[in-house]
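Here is what each chain is made of, one letter per residue.
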Amino acid sequence: MDYLDDSEYEEVEIEFESDEDEADIYLSPPPTTTTDTDNIALEKSGVQVISDGINSMELIAKKFKIPIDSKLHTAATYSVFSETELIDYKLKELSSSYFNQVDEVELKQLLMSYDWNIAEILKEKNEFGDQKVLARAGLLPENKGRIYTKKKEYTCMICCETRNETEIYALELCGHEFCTDCYKQYLLATTSNSSGPPKCMGNCETLIPYKDLQSLMGPSYLDKLFVFSIKSYINKNTEHYKHCPSNNCQEVIAVYDSLEPYLKHHVAPIVSCNDNHIFCFGCRKEDHSPCDCAISQEWVKKTSKESKALNWVLANTKECPKCSVNIEKNGGCNHMTCQNCEYQFCWVCDSNWDSHKGSNFTCVVYRNNVAPENGKTGKKNLKAKENIKYSFQRFRHYYRLFSDCEQSSTLDLKLYSEIEKRITKLQENVGISWIEGQFLDECMKEMIEARKVLKWSFVLIFYSDPSQNFTKLFEDHQMHLMSSIDKLAELFAVTDPEKVFSKKSEYLNLSAFIKTRKRATTEAGRDLIKLKVAKI
């Protein structure tokens with residue numbers, strides 16, 4: 001099976017076996033669709049127009065396709081919102097024309113009462129009329145409260161304090177009254193613990209009108225209440241909504257496809273927020289291609305059992321194969337030179353670096369060195385101890401490869417943060433334009449993405465049957481990808497501006513080759529999972 005022909009790479013499309021598998025793109029029934037005139041106007045204003053049939057309100061949000069190699073991933077249709085933008089989107093989707101007698105804030109309370117489910121609101125409106133819907137949201141005129149002062153001694157049933165001229169709040173529908181101090185404490189607690197509108201403290205279902213909430217708590221309280229409510233809605237509807245997992249990023253990804261076809265075909269639905277945080281929507285982890293979510297999560301569970309000290313030692317140190325001096329890796333390249341004896345070796349397999357020239361780059365293949373008992377092979381007479389030893393050694397081998405890639409990726413990112421300085425030096429010393437120097441930026445990005453694919457390919461091969469031909473084919477792709485990444489990493493070790501520019505064609509050729517190998521490795525990995533050669 002040949003994965004290297006560029007003509008074979010076309011964007012993956014999910015095929016559904018039945019109508020039931022087909023993804024429903026609507027999160028709620030669309031009120032309208034855009035006309036051709038609207039589309040032309042939107043395109044001129046810079047908004048990407050989505051095909052007919054999708055809710056026209058989706059055009060409010062910026063649309064994205066996968067921000068990385070589209071030939072590796074199936075593009076999911078999704079939008080990126082902040083929490084307040086998602087509230088506004090829902091508000092505009094439930095047009096005020098449906099309920100002429102309510103204002104914008106009351107519409108938000110209506111949405112919150114129905115847990116932001118527009119389909120349910122419209123269904124009840126059609127079946128029972130406006131009054132039924134407004135009553136459920138506590139928006140009927142008779143649902144009101146009042147704040148007043150009792151001059152005589154009043155004992156609050158919540159705090160049990162007796163005071164003169166106590167400020168009281170009561171709802172007229174139920175008649176329950178409590179001091180405003182208790183109500184304020186109750187409403188503060190309700191903000192973060194409830195997804196719906198606050199109800200009366202008297203253990204009844206009467207909703208507190210939003211105007212009374214403003215009077216009791218101030219105008220900013222409602223904004224906080226709506227944000228907490230939309231957070232709860234996002235957490236309850238994780239099939240279509242997820243927060244960006246990056247620290248301090250509050251953006252929300254809204255996916256309009258069903259995840260089932262992606263998981264069924266072992267394709268990671270990769271998305272990106274506006275800050276270019278790329279992650280898998282299925283598990284909210286980093287892009288783990290060619291692994292699927294199940295295999296990547298199983299690997300994370302397995303490695304989390306190891307001690308932090310062992311992880312650090314395995315990932316960062318190694319003895320020189322010749323003089324046994326401890327060496328700490330400080331760069332992304334696997335070509336190591338011992339400062340004590342000047343021995344050159346491969347960080348991955350400890351072999352002399354001369355053996356890695358040309359295409360002889362086989363150090364990523366695990367070699368089982370456990371001797372069979374009594375000279376027999378392929379039989380069940382290996383002792384349990386030997387099987388355990390083999391299993392641990394195999395895990396340690398691939399865990400080290402995974403850790404090496406992770407460390408190299410960190411160092412690559414550190415180098416990438418200085419890439420602008422390198423481009424500036426090229427401009428000053430060689431006299432090229434800023435655009436001409438962008439080949440460094442493009443090649444570095446390609447290397448970072450390829451190293452991520454290589455890293456997770458070691459996880460996939462760990463869970464694969466080593467006796468299968470597909471596994472051997474996958475290992476071949478790994479070797480070529482790893483070899484080309486190391487060659488490009490060595491080029492980035494060159495710092496002299498004139499030498500860097502003289503090697504521009506080498507940078508570009510290697511980057512193009514890495515891109516091809518990355519695709520081939522990913523496609524071969526998906527075959528391992530589809531054919532159940534790789535499984536948990």
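Details of the structure are given in the entry above.
Residues numbered from 1 in each chain as written. Predicted model: local features only at pLDDT ≥ 70, side-chain atom pairs only at ≥ 80, totals over all residues. Heavy atoms only, no water.

What follows deals with the packing of helix α15 (residues 469-492) against helix α17 (residues 504-530). Relative to each other, α15 and α17 sit at 155°, their axes nearing to 9 Å. Here α15 lies roughly antiparallel to α17, going by the angle between them. Classified by chirality, the crossing of α17 by α15 is left-handed. Of the residues that constitute the contact of α15 with α17, the class distribution is 14 nonpolar, seven polar and four charged. (Axes fitted to C-alpha atoms, helices over the stretch in contact; angles between N-to-C directions. Helix = DSSP H or I, 4+ residues; strand = E, 2+ residues; numbered from the N terminus. Parallel < 35°, antiparallel > 145°, perpendicular 65-115°, else oblique. Left-handed = near helix turned anticlockwise from the far one by under 90°. Nonpolar A, V, L, I, M, F, W, Y, C, P; charged D, E, K, R; others polar.)

A few words on the side chain of Asp412. Among the structural elements, Asp412 can be located in helix α12 (residues 384-416). The exposure class assigned to Asp412 is buried, which follows from its relative accessible area of 3%. Residues contacting Asp412, with those up to four places away along its chain left out, are Gly332, Met444, Met447, Ile448 and Arg451. (Buried < 20%, exposed > 50% of the residue type's maximum accessible area, 1.4 Å probe, protein only. Contact = heavy atoms within 4.5 Å.)

Right, let's get into the pairing of strand β2 (residues 78-81). Of the two faces of β2, the one carrying Tyr78 and Val80 and the one carrying Ser79 and Phe81 are both buried. Relative to strand β9 (residues 252-255), β2 is paired through four bridges, and the arrangement is antiparallel. Paired with Ser79 across the bridge in β9 is Ala254. (Pairing = 2+ DSSP bridges.)

Time to look at the packing of helix α3 (residues 104-113) against helix α8 (residues 220-236). At a minimum axis separation of 11 Å, α3 and α8 run at an interaxial angle of 30°. Between α3 and α8, the angle is such that the two are roughly parallel. The chirality of how α3 crosses α8 is left-handed. Two secondary-structure elements touch here, α3 through Val105, Lys108, Gln109 and Met112 and α8 through Leu222, Leu225, Phe226 and Ser229. When grouped by side-chain class, the residues that make up the contact of α3 with α8 number five nonpolar, two polar and one charged.

Moving on, we come to the side chain of Ser484. Tracing the chain through its elements places Ser484 in helix α15. For Ser484, a relative accessible area of 2% puts it in the buried group.

One pass over the full model with this rule turns up zero disulfides. Note on Cys179: no disulfide assigned, nearest cysteine sulfur contributed by Cys182 at a separation of 3.4 Å. Cys179 gets classed as buried once you look at its relative accessible area, which sits at 0%. (Disulfide = S-S within 2.5 Å.)

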